[in-house]
Amino acid sequence: MSQTINPISVTTRARTTASDASVLARLCEIVGAEHVLVDPERVEPYAQDAVKEKFPPEAVVLPRTAQEIAAILKLANEARFPVTARGGGVGYTGGAVPVEGGIVIGTDRMNEIREINADDLYVIAEPGVTTYALQQAVEAHNLFYPPDPASYKTSFLGGNIAENAGGMRSAKYGVTKHYVLGLEVVMPTGEIIRTGGKTSKNVVGFDLTGLICGSEGMLGIITEAILKLLPLPEATRTVRATFKTMREACACVTRFTRARVTPVAIEVLDRNAIRAVETEFAFGLDQNAGAILIVSVDGAVAEVEHASRVVEKALREGSGYDVMRAVTREEEDRLWDVRRALSPAMKKFGTLKLNEDVVVPRSRVPELIERVEAIGQSHKTFVVNFGHAGDGNIHVNFMCEREDKEAVRRARDAVRETFAVAIELGGTISGEHGIGYVKAPYLDMAVDTATIETMKRIKRALDPNGILNPGKMFV
Ligand SMILES: Cc1cc2nc3c(=O)[nH]c(=O)nc-3n(C[C@H](O)[C@H](O)[C@H](O)COP(=O)(O)OP(=O)(O)OC[C@H]3O[C@@H](n4cnc5c(N)ncnc54)[C@H](O)[C@@H]3O)c2cc1C
């Protein structure tokens, strides 16, 4: 293990006995020996997520059915070992890594799309389907599944639901939980439950679907999801503009609303982000610019033609320059290339990227970014800000060298100060990446004691032996 984790006191701790021969034999009986991995090189890919800190599990178990997962969880309660569910393993807060040992349940084999219903607008899928595969499958029927985390090619639906993932289209369409109609879930003690159903209206009993969405694999393992679909929009159009200041750029967001247009995506890049991509890829951007906005609209062809012209006008009236409106898919791609180039461009600014995803009411984004820039300067840390101006969710990236302990400490101090600013501006510490173990030390900055205690009471009630994903969320 590369890091010591503070023990938590939510529940009686699960003991780590997953590698006992008798436990391994029982796991092999449940899923078949070929689906229990113990060789270090086969376990290795399950030891880390996008945080890139390694916590190798004692074994990886790859079940095919909810019944198998139920049997594994009953065994885990009997023998008292921790169980951590894993989707695509591209989470940004360490949710899928077994920080307290035990086994990882990989959902890789649970990747069937069971039903696409165009009349009633839902799809039923298993948790191991990637977001991309689901989008492709429904789009073939002219249907639309809006949640689009940038990790969509590798993230799984189970991980998306457990993290309540957002994405660029959240500005118009909301986040994953807005599309979850019903779930099949294996509870931490091994019972299989069904929440919600196939209808968009359902107020029978407590909203357990809502409870499981965003529960970070701590309250149950999702084994099937019924997801809401929309008709596929006919077309998209994209407009990009450059601004001298972040304030001018962000003021355009409310101009769109006043012009009665709701863009599907409004992405912003700050000054350092522009310099980083321009230095690395020479797109011809103004290196002295304060911000770039990339705005997309979707809908019927006539509608997007009109909306994109309204957006273009609003950007120009808002002091935008170098305004470009794409009409063809190729032109659109070129406008978005600037945004896609960000991750590779940032690599030269440090081997460690502390990638935060604070969120504030969208009108406060300029103030957030100005204050984050000042925090970066006072901690001598290069900071790049970009993200979703349409919903106030900004990715704040403090860059440093992993081996430079002093620089890492300064960057971590900068993160804490950034969280304080986000909260002061009426926002919070995470818009889409969740808490996991990485942000657990900061939970009490954003949530009061009584509310945290209520969350812990729910956890204890559903998982009395502390089996499922211990070491997360609460320090
Ligand atoms: C390059 C990159 C871009 C990203 N962009 C975005 C973005 O735009 N928006 C966004 O929201 N996030 C983004 N993320 C973060 C991340 O991809 C999302 O949180 C995603 O939803 C994680 O899915 P996953 O399948 O990889 O989950 P994992 O990392 O495998 O797991 C995440 C959590 O879900 C739990 N879990 C997994 N499967 C199940 C299940 N079946 N039942 C119960 N719990 C389960 C795990 O225990 C863990 O706590 C990005 C990450 C990267 C690396």
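For the structure, see preceding data.
Residue positions are given per chain, counting from 1 as you read along its sequence in written order. Local features in this predicted model are restricted to residues whose pLDDT is 70 or higher, and side-chain atom pairs enter the listing and the counts only when it is 80 or higher, whereas totals over whole chains, interfaces and linings include all residues. Each side-chain value is derived from all of the structure's non-hydrogen atoms; neither hydrogens nor water enter the calculation.

S.K.: Looking at this structure, how should I read the site of the ligand?
M.R.: Residues in contact with the ligand amount to 34 residues; listed here are only the nearest, Ala85, Gly87, Gly88, Val90 and Ser151. In this structure, an oxygen atom belonging to the ligand sits 2.7 Å away from a main-chain N or O atom of Gly88. In the analysis that follows, any N or O atom pair within 3.5 Å is treated as a polar contact, provided that within protein one partner can donate a hydrogen and the other can accept it, and provided that, for residues neighboring in sequence, both atoms belong to side chains. A distance of 2.8 Å separates an oxygen atom of the ligand from a polar backbone atom of Phe156. Where accessible areas are quoted, they stem from the Shrake-Rupley method and a 1.4 Å probe; at the residue level, only the protein chains shown are allowed to cover. When the ligand is considered free in solution it has 970 Å² of accessible area, and contact with the protein chains removes 92% of it. Counting from the N terminus, the helices are DSSP H or I runs at least four residues long and the strands are E runs at least two residues long. Counting residues per element, the ones that place at least two in the shell around the ligand are β3 (83-86), α5 (157-163) and β10 (221-228). Considering every element that reaches the shell around the ligand, the biggest residue donor is α5, with 5 residues. Gly falls in the polar group here, along with every residue not listed as nonpolar (Ala, Val, Leu, Ile, Met, Phe, Trp, Tyr, Cys, Pro) or charged (Asp, Glu, Lys, Arg). The residue inventory of the shell around the ligand, partitioned by class, reads 13 nonpolar, 17 polar and 4 charged. No fewer than three residues from each of domain 1 (21-109) and domain 2 (113-231) sit in the shell around the ligand. We call a residue near a given molecule or strand whenever any one of its heavy atoms falls within 4 Å of it. All the domain ranges listed were derived from an automatic or database domain assignment.

S.K.: Would you mind showing me how to read the packing of helix α8 (residues 246-258) against helix α10 (residues 301-317) here?
M.R.: In a pair of packed helices, the angle between the axes and the distance between the axes together describe the arrangement. Interaxial angles span 0 to 180 degrees and are taken between N-to-C directions of axes, which are lines fitted to C-alpha atoms, for helices over the stretch in contact. Close contact between α8 and α10 brings their axes to 9 Å; oriented N to C, the two are set at 140°. As summarised for this structure, α8 and α10 are arranged oblique, according to the angle between their axes. As for the relative orientation of α8 and α10, their crossing is right-handed in sense. Between α8, through Cys252, Arg255 and Phe256, and α10, the contact on the second element is made entirely by Val311, Ala314, Leu315 and Glu317. Each angle is binned into one of four classes, with values under 35 degrees roughly parallel, values over 145 roughly antiparallel, values of 65 to 115 roughly perpendicular, and all other values oblique. By definition, any crossing whose near helix is turned counterclockwise from its far helix by less than a right angle is left-handed, and any crossing with a clockwise turn is right-handed. We call two residues in contact whenever any of their non-hydrogen atoms come within 4.5 Å of each other.

S.K.: Which parts of the structure should I look at to understand the sheet that holds strand β1 (residues 36-37)?
M.R.: Strand pairing in a sheet relies on backbone hydrogen bonds, with the paired strands running either antiparallel or parallel. In short, DSSP must find at least two bridges between two strands for them to pair. Judged by pairing direction, the sheet is mixed, and its 4 strands sit side by side in the order β1-β2-β4-β3 without closing on themselves. Strands at the two margins of the open sheet, each flanked by one partner only, are β1 and β3. Note: β3 against strand β4 (residues 103-106), 4 bridges, orientation parallel. The residue of β4 that forms the bridge with Thr84 is Val104. On top of the sheet, helix α3 (residues 66-79) reaches β2 (59-61), β3 and β4; it is set at about 170° to β4, its chief contact.

Spatial relationships are all this shows, so hold off on functional conclusions.
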